[in-house]
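# Report on the structure
Spelled out, the chains give:
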Amino acid sequence: MQSRNAHEVIVVDDGSTDSRELCDALCEFVDHRFRYHKLPTNMGPAAARNAGARLASGDLLGFLDGDDELHPDWLESSMHAFTPSADTRIVTSGITRCDQRDGSTEDRLPERLGPAFHGMVARFHGPPTLLVDRRLFNQIGGYDPHLRYGENTDLGLRVAAVLRPNYEHQSAVVPQSLAQWNWAGPTRHSAPNRLASSLEILKKHQIALRRDPILRRRFLAEVEQCQEAMEAAPDPIDQLRLE
């Protein structure tokens, strides 16, 4: 429950095979603000979020994945930071990562990002860290549906590119955690998706990442880790050879 009511809530089912119980539960609501939409096949989180955005009728968009939880004041705090008169187009906030394996937690708050983000102060770490103007979301083309990993960083890089050099007037932050990410840890079966997505981001943002060696090394390290997990013989890094 939120301390401030939402204009609408759209639940997107990403092609699950066990959604009958969820569908029945949502159908019990007589509130017109709740809508349920099922994709024909599993298309990934980025595509599912885009589908919800297309169905939404409001001016501001917020997103929530199945493994995330919003604090009760997420919407109210984010809306309070949104000041249309100052031409704010996006608000980001912090998130708490809760490791489901040992119960440890870590707060990840908005901070000044690296050169690839043009020094923007923000947090692009999971969908619930942002509330974005629909026009900005559409302008950058939404989430990249081809990415199954790193799609939030990719979105942030494109947001920063559009907002620069006036990001200070068009973005705002809530300097506290307003959501919880229930992290189950890395899994071996996701290595192929992480590998393909990391390579795509390295290629797609090649120029921006040249200015940000720390972020670039992060994705290169992800490629190497995925290769080891998959025991892959070919070396995609040799093929990419970004300078």
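Residues numbered from 1 in each chain as written. Predicted model: local features only at pLDDT ≥ 70, side-chain atom pairs only at ≥ 80, totals over all residues. Heavy atoms only, no water.

In terms of helices and strands, the protein chain carries ten helices and ten strands. For the protein chain, the proportion of its 243 residues judged to be buried stands at 47%. Sequence-distant contacts in the protein chain: of pairs separated by 6 or more residues, those separated by 24 or more amount to 74%. By element, 51% of the accessible surface of the protein chain is carried by carbon and sulfur atoms, the whole surface being about 13,300 Å². (Helix = DSSP H or I, 4+ residues; strand = E, 2+ residues; numbered from the N terminus. Buried < 20%, exposed > 50% of the residue type's maximum accessible area, 1.4 Å probe, protein only. Contact = heavy atoms within 4.5 Å. Areas by Shrake-Rupley, 256 points an atom, 1.4 Å probe, with all protein chains shown as cover.)

Another point: the pattern of salt bridges. All chains considered together, the criterion is met by ten salt bridges. When the shortest N-O distance is used, the salt bridge between Glu111 and Arg123 registers 3.6 Å. Linking Glu111 in strand S7 (residues 111–112) with Arg123 in the loop between strand S8 (121–122) and strand S9 (130–133), this pair joins segments that are twelve residues apart in sequence. On the basis of relative accessible area, Arg123 is assigned to the buried category, the value being 13%. For Arg135, the salt bridge identified is with Asp133, shortest N-O distance 2.9 Å. (Salt bridge = Lys/Arg side-chain N within 4 Å of Asp/Glu carboxyl O.)

Moving on to the pairing of S9. Every second residue of S9 is oriented toward a common face, with Leu130 and Val132 on one face and Leu131 and Asp133 on the other, all of them buried. Direction of pairing for strand S3 (residues 60–62) relative to S9: antiparallel, over a ladder of three bridges. Bridge assignment links Leu61 to a residue of S9, and that residue is Val132. Sheet analysis places strand S5 (residues 90–99) next to S9, joined by three bridges and oriented antiparallel. Note that in S9 the partner of Thr92 across the bridge is Leu130. (Pairing = 2+ DSSP bridges.)

Here the focus is helix H9 (residues 213–230). Here H9 contains 18 residues, and its C-alpha end-to-end distance of 26 Å stays within 8% of the 26 Å for a straight helix at 1.5 Å per residue. Downstream of H9 by one or two residues, Glu231 has phi in the positive range, about 55 degrees. (Expected span 1.5 Å × (residues − 1).)

Along helix H2 (residues 45–55), eight of the eleven residues are buried, which leaves the element largely enclosed by surrounding structure. Turning to H2, its buried residues are Ala46, Ala47, Ala48, Arg49, Asn50, Ala51, Gly52 and Ala53. Where the residues of H2 are buried, they touch strand S1 (9–13), S3, helix H4 (134–139) and helix H5 (151–163).

Here the focus is the packing of aromatic side chains. According to the stated counting rule, one finds six aromatic pairs in the structure shown. Measuring from centroid to centroid gives 5.9 Å for Phe137 and Tyr143, while their planes differ by 65 degrees, and the two rings are edge-to-face. What makes Phe137 buried here is its relative accessible area of 5%. Residue classification places Tyr143 among the buried positions, given a relative accessible area of 0%. When the centroid spacing of 6.5 Å and the interplanar angle of 75 degrees are considered together, the rings of Tyr149 and Phe219 count as edge-to-face. Residue Tyr149 is located in the loop between H4 and H5, and its partner Phe219 is located in helix H9; the two are separated by 70 residues in the primary sequence. The exposure classification of Tyr149 matches that of Phe219, with both residues buried. (Phe/Tyr/Trp six-rings, centres within 6.5 Å; stacked < 30°, edge-to-face > 60°.)

Turning next to the environment of Gln180. As for its placement among the helices and strands, Gln180 is situated in strand S10 (residues 171–183). By relative accessible area, which is 25% here, Gln180 ends up partly exposed. Gln180 has contacts with Asp67, Asp68, Glu69, His71, Ile95, Thr96 and Cys98, leaving out every residue within four places of it along the chain. Side chain to side chain, Gln180 and Asn182 meet in a polar contact 2.6 Å long. (Polar contact = N/O pair within 3.5 Å; in protein donor to acceptor, adjacent residues only side chain to side chain.)

What follows is about the packing of helix H7 (residues 191–204) against H9. A pair of packed helices is characterised by two quantities: the angle between their axes and the separation of those axes. The N-to-C vectors of H7 and H9 enclose an angle of 150 degrees; their axes lie 9 Å apart at closest approach. With respect to their mutual orientation, H7 and H9 come out roughly antiparallel. Viewed along their axes, H7 and H9 form a crossing whose handedness is left-handed. When H7 is examined against H9, the residues Ala191, Pro192, Arg194, Leu195, Ser198, Leu199, Ile201 and Leu202 are found in contact with a partner set consisting of Arg216, Phe219, Leu220, Glu222, Val223, Cys226, Gln227, Ala229 and Met230. Taken together, the residues of the contact of H7 with H9 sort by class into twelve nonpolar, two polar and three charged. (Axes fitted to C-alpha atoms, helices over the stretch in contact; angles between N-to-C directions. Parallel < 35°, antiparallel > 145°, perpendicular 65-115°, else oblique. Left-handed = near helix turned anticlockwise from the far one by under 90°. Nonpolar A, V, L, I, M, F, W, Y, C, P; charged D, E, K, R; others polar.)

No statement about biological role is implied by the geometric values presented.
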